[in-house]
Amino acid sequence: MNSSNKKINPSVCIIKSSYQNIDINTLIKPFGSLNKFIKKGEHVLLKINLLNATEPNKAVITNPKVVEAVAINVLKSGGIPIIGDSPSGPFTKRKLQKVYNMAGMTNLSNDLGVELNFNTKYTKLTIPDGKRLKNTYVCDFVLNADKIISIPKIKTHSLMMMTLATKIMYGAIPGLTKVRYHSKYMRRKALAEMLIDVLSILNPDLIIMDGIVGMQGDGPAAGNPVELGVMLASDDSIAMDLTVCRMLNIEPIGIPTLKEAKIRNMWPNEISFPLLSPDDVKYKSFTLPSTAGHLLTDEKKPKKDPVIMQSCTACGECVDICPKNAIKINDNMAQINYQNCIKCYCCHEICAYNAIELENKK
Ligand code: SF4
Ligand code: SF4
């Protein structure tokens, strides 16, 4: 597993692709090869998205063609792939078998001789920097892997807006523990904080995004498939999700996990695109969930503005966090340019001096 330290200048590789023609070598060529990430004989978890027992054409789960292409390349590199996820609901062998069968993973496993995970044990881990979780159960199949390649899908999510690379490691938590967390952290902010806590201890070594057919609308289970025709690869989950947002014309601060990552200073300073850039594969008519708020739709704008109080110490934290460069320090006090402010309230959340209040200005 990767350390969760912020990468200064990560790369995201993008190629156009169809399910008939997935070229992992070309996709990861800027990194060298898969051998940069895995050594001969290492157990490599292919952490896919298997939300529930669904056929691949509904775009709910990672497509088996993508999993197959990655597994073949891991085998060629001398690694030992194992395919796994903890779907929603009870984490049992019976449930796993059903999900694997429907998802096309059983056939894939038989064809390639690649193992599917049936280990349902889990272990408690501490989360040193956790905001919501100080410890959590994590599935042993994740902890037993030498390396992790996560293979998320570009999908919407009614609560989290998008479920991409920053959210996929939540599937390392056993199903019923996830049910408990969902009822405990029902609000977007709390759930996002918890998801970033999980990512902070379970960061994959490589992310390969299935963006050939994504899901739009009211995901993660009831949205509609949408042909996007791309594959992406990166060794940085945040850079990956920021890139997908740029490609789909989505304001990244409107994605709760990315907003939380911004507050924790996890956004890279710059992202390199050694192959195609997200602007080369722009998709402008992507449909967001009907629950999307003002940051994504420009509708339902909240009335309150962030207002700087006299207690401001001019520490500059809000200047650094503002995604729209709407704050400057003038005369030893922060000053907001309301023309540029999108009311994301990151500044309000980060100010350690409680010097930003939310008020109806007029
Ligand atoms: S973070 Fe708070 S104290 Fe620091 S400059 Fe901004 S408003 Fe002032
Ligand atoms: S609320 Fe406005 S000023 Fe504050 S961080 Fe967001 S965009 Fe910047």
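Residues numbered from 1 in each chain as written. Chains lettered and ligands numbered in written order. Predicted model: local features only at pLDDT ≥ 70, side-chain atom pairs only at ≥ 80, totals over all residues. Heavy atoms only, no water.

A.B. asks: Please give an account of the domain arrangement of the protein chain that cites residues and values.
C.D. replies: You can read the domains of the protein chain as domain 1 (12-294) and domain 2 (302-359). The centre of domain 1, based on its C-alpha atoms, is set 34 Å off from the matching centre of domain 2. Contacts between the two partners involve seven residues from domain 1 and, on the opposite side, 12 residues from domain 2. Of the roughly 840 Å² buried where domain 1 meets domain 2, counting both sides, 62% is carbon and sulfur surface. Summed over the shared surface of domain 1 and domain 2, the number is three salt bridges. Note that E349 is salt-bridged to K189, the shortest N-O span being 3.2 Å. For the pair domain 1 and domain 2, the interface holds six residue pairs in polar contact (both at pLDDT 80 or more). A total of three residues in the side of domain 1 that touches domain 2 trace back to one element, the largest contributor, which is helix α10 (residues 256-263). Looking at the side of domain 1 that touches domain 2 residue by residue, the classes come out as two nonpolar, one polar and four charged. (Domains from an automatic or database assignment. Contact = heavy atoms within 4.5 Å. Buried area = accessible area lost by both parts, 1.4 Å probe. Salt bridge = Lys/Arg side-chain N within 4 Å of Asp/Glu carboxyl O. Polar contact = N/O pair within 3.5 Å; in protein donor to acceptor, adjacent residues only side chain to side chain. Helix = DSSP H or I, 4+ residues; strand = E, 2+ residues; numbered from the N terminus. Nonpolar A, V, L, I, M, F, W, Y, C, P; charged D, E, K, R; others polar.)

A.B. asks: So, the pairing of strand β10 (residues 206-216): which residues are in play, and what are the values?
C.D. replies: Of all 11 residues making up β10, 11 are buried, and the element is well covered by its neighbours. As paired strands, strand β7 (residues 147-151) and β10 are joined by two bridges and run parallel to one another. The residue bridging I149 from the neighbouring strand is L206, located in β10. Bridging between β10 and strand β11 (residues 224-234) involves nine bridges; their strand directions are antiparallel. Bridge assignment links G211 to a residue of β11, and that residue is V230. (Buried < 20%, exposed > 50% of the residue type's maximum accessible area, 1.4 Å probe, protein only. Pairing = 2+ DSSP bridges.)

A.B. asks: Describe the site of ligand 1, naming the residues involved and giving the relevant values.
C.D. replies: Taken together, 13 residues sit near ligand 1, with C312, C315, G316, C318 and C351 positioned nearest. For the shell around ligand 1, a count of residues per class yields 10 nonpolar, two polar and one charged. (Near = heavy atom within 4 Å.)

A.B. asks: Explain the packing of helix α2 (residues 64-76) against helix α4 (residues 105-112) to me, and be specific about the residues and the numbers.
C.D. replies: Close contact between α2 and α4 brings their axes to 10 Å; oriented N to C, the two are set at 25°. Of the possible angle classes, the one that applies to α2 and α4 is roughly parallel. In this structure, α2 meets α4 at a crossing whose hand is right-handed. Listed contacts from α4 to P64, V67, E68, A71, I72 and L75 of α2 are M105, L108 and L112. (Axes fitted to C-alpha atoms, helices over the stretch in contact; angles between N-to-C directions. Parallel < 35°, antiparallel > 145°, perpendicular 65-115°, else oblique. Left-handed = near helix turned anticlockwise from the far one by under 90°.)

A.B. asks: Just give me the short version of the site of ligand 2, but keep the residues and values in it.
C.D. replies: Residues in contact with ligand 2, as listed here, are P306, C322, P323, I327, C341, I342, K343, C344, Y345, C346 and C347. Among the residues forming the shell around ligand 2, the class breakdown is 10 nonpolar, no polar and one charged.

A.B. asks: Lay out the nonpolar core in plain terms, naming residues and giving numbers.
C.D. replies: L46, M105, V142, I149 and I154 are the most contacted members of the largest nonpolar core, which totals 111 residues. Both of domain 1 (12-294) and domain 2 (302-359) provide at least three residues apiece to this core. Among all residues touching I154, those that are not within four sequence positions of it are M162, L164, M209, D210, G211, G214, M215, L228, L232, V244, M247 and L248. Core analysis: the next-biggest nonpolar cluster, separate from the first, contains 13 residues, C312, A326, A355 and I356 among them. (Core = buried A, V, L, I, M, F, W, Y, C linked by side-chain atoms within 4.5 Å.)

A.B. asks: Tell me about the pattern of salt bridges, and name the residues and values.
C.D. replies: Applying the stated criterion to the full structure yields 16 salt bridges. A salt bridge links K47 to D85; its shortest N-O distance comes to 2.8 Å. With K47 in strand β2 (residues 43-48) and D85 in the loop between β3 (80-84) and α3 (93-103), this pair connects stretches of sequence that are 38 residues apart. Salt-bridge contacts for K324 lead to E251; the nearest nitrogen and oxygen are separated by 2.8 Å. One end of the pair, K324, is in the loop between α12 (317-321) and β13 (327-330); the other, E251, is in the loop between α9 (237-248) and α10, with 73 residues separating them in the sequence.

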